Amino acid sequence: MSNILVTGGAGYIGSHVCKRLAAVGHRPVTFDNLSTGFAWAVKWGPLEEGDLLDGRRVEAVLRAHGIDRIIHFAAWSQVGESVARPGDYYRNNVVGTLSLLEAARRAGVSGIVFSSTAAVYGTPSANPIPETAPLAPINPYGVTKTTLERALADYHAAYGLRSVSLRYFNAAGADAEAEIGEAHDPETHLIPLVLRAMTDPGKPIRVFGDDYPTPDGTCIRDYIHVEDLADAHVRALDVLDTRDAALRFNLGVGHGYSVREVIRSVERVVGRP
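Residues numbered from 1 in each chain as written. Predicted model: local features only at pLDDT ≥ 70, side-chain atom pairs only at ≥ 80, totals over all residues. Heavy atoms only, no water.

As for the overall build of the chain
Where we set the bar: Every helix listed is a DSSP run of H or I at least four residues long, and every strand listed is a run of E at least two residues long, numbered separately from the N terminus. When we talk radius of gyration, it's over C-alpha atoms, and the globule rule is simply 2.2 Å times the number of residues to the 0.38. The classification of residues rests on relative accessible area computed with a 1.4 Å probe and restricted to protein chains. Under 20% of the type maximum is buried, over 50% is exposed, and intermediate values are partly exposed. A 1.4 Å probe and the Shrake-Rupley method give the accessible areas. Residues count as covered only by the protein chains that appear here.
A count of helical and extended segments in the chain gives eight helices and 11 strands. Relative to the globule expectation of 19 Å for 273 residues, the C-alpha radius of gyration of the chain, 19 Å, shows essentially globular dimensions. Once the C-alpha set of the chain is aligned to its principal axes, its extents read approximately 55 × 40 × 35 Å. Here the chain holds 273 residues, and the buried ones make up 46% of them. When the accessible area of the chain is evaluated, it comes to approximately 13,300 Å², of which 52% is carbon and sulfur surface.

Here you go:
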């Protein structure tokens, strides 16, 4: 059993990862400031409240729990908000993560799994997108993640810190046993928005765009189930044990679904338009 620090472990994906870690015998320790996460979602290990910008607090938690490795989710992730408030995103995502990396270095942590994003690619020139595609983010959120991938490579070269950056696409779904799930405020994900539209006529689903170069004219995205994401993060811990490197992998299904396809799927399951 390893003690794994999960930053942002009170959030949507982080909480699912904590459950998966516990299921395979690890002890997840959640570090979260609860600005977007929830204490009730921390069920499989202790919760340490704090902010990544407080490097000494982070270091104290790492030492107190004998942390071996880190899975890092704590970041702001709203694209539109990052355009309106770039300074906040650079401070929270970039400066906060550098504070974490310095604390990890002082505490002797050997490896980190980093929650990155497909937004590092910007507007891709080919689909599916290979990991070798050029990095050309088109918003501050994507730039922060790209910057941190570069920082992880530099930390490996300078200090030997191993890392796996996971660039994933659109997280979807919830725990099959219904112990945890999505609770975003505001909610921006398509599937919960469609389900909400079915239960609340005052909040209709809005489809943006009907002239994309796709079979039905609506945007196509790759959706990966959150439980598959959780499994991939745990598998990445094993990669840290075998590869002395700073690695990057895409996480996706490999094919997409249009907005209209998602809406029709929900209609079939629920049995109403």
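What about the packing of helix 1 (residues 12-23) against helix 7 (residues 226-242)?
Rules: Interaxial angle, 0 to 180 degrees, is taken between N-to-C directions of lines fitted to C-alpha atoms, where a helix line uses only the stretch in contact. Roughly parallel refers to an angle under 35 degrees, roughly antiparallel to one over 145, roughly perpendicular to one between 65 and 115, and oblique to any angle outside these ranges. The crossing is said to be left-handed when, going from far helix to near helix, the turn is anticlockwise and less than a right angle, and right-handed when the turn is clockwise. In what follows, residue pairs with any heavy atoms lying within 4.5 Å of each other are defined as contacts. In the scheme used here, Gly and all other residues not listed as nonpolar or charged are polar, with Ala, Val, Leu, Ile, Met, Phe, Trp, Tyr, Cys and Pro taken as nonpolar and Asp, Glu, Lys and Arg as charged.
As a packed pair, helix 1 and helix 7 sit with axes 8 Å apart at the nearest point and diverge in direction by 60°. Viewed along their axes, helix 1 and helix 7 adopt a mutual orientation that is oblique. Considering how the two elements wind past one another, helix 1 and helix 7 form a crossing that is right-handed. Judged by residue contacts, Tyr12, Ile13, His16, Val17, Arg20 and Leu21 of helix 1 engage Val226, Leu229, Ala230, Asp231, His233, Val234 and Leu237 from helix 7. Residue composition of the contact of helix 1 with helix 7, by class: nine nonpolar, two polar and two charged.

Points about the layout of surface pockets
Left-over empty space is what a probe sized like a water molecule reveals as it rolls over the atoms. The criterion, for reference: Only protein atoms enter the calculation, which uses a 1 Å grid: trapped sets of points that fit a 1.4 Å probe without letting it out are cavities, open sets showing protein on both sides within 12 Å along at least five of seven lines are pockets, and any residue with an atom within 4 Å of a point is a lining residue. Grid points are joined across faces, edges and corners, and a volume is the space filled by probe spheres set on the points.
Approximately 190 Å³ is the volume found for the second largest pocket. Considering the residues around the second largest pocket, the lining is formed by Ile191, Tyr223, Val253, Tyr257, Glu261, Val262, Ser265 and Val266. Sort the elements by how many residues they give to the lining of the second largest pocket and helix 8 (residues 259-270) lands first, with four residues. Its residues assigned to classes, the lining of the second largest pocket shows six nonpolar, one polar and one charged.

Notes on the sheet that holds strand 1 (residues 3-7)
Stated formally: Strand pairing requires that DSSP identify at least two bridges connecting the strands.
Spatially, the seven strands line up as an open sheet ordered 3-2-1-4-5-6-10, and their pairing is parallel. Single-partner strands in this sheet number two, and they are strand 3 (47-49) and strand 10 (246-251). Between one strand and the next, the sheet's axes are offset by a mean angle of 20°, whatever the strand orientation. On top of the sheet, helix 4 (residues 86-107) reaches strand 1, strand 4 (69-72) and strand 5 (111-117); it is set at about 175° to strand 4, its chief contact. Its contacts with the sheet place helix 7 against strand 1, strand 4, strand 5, strand 6 (162-168) and strand 10, and it is angled at close to 155° to strand 6.

Here's the deal with the side chain of Ser115
To keep it simple, the criterion reads: Side-chain atoms alone can form a polar contact between residues adjacent in sequence; in general such a contact is a pair of N or O atoms within 3.5 Å, and within protein one must be able to donate a hydrogen while the other accepts it.
Along the polypeptide, Ser115 turns up in strand 5. Of the residues examined, Ser115 reaches a relative accessible area of 6% and is grouped as buried. Only 2.4 Å separates the side chain of Ser115 from the side chain of Tyr168, close enough to count as a polar contact. Setting aside its immediate chain neighbours within four residues, Ser115 contacts His72, Phe73, Lys145, Leu166 and Tyr168.

Purely geometric stuff here, so don't read any function into it on its own.
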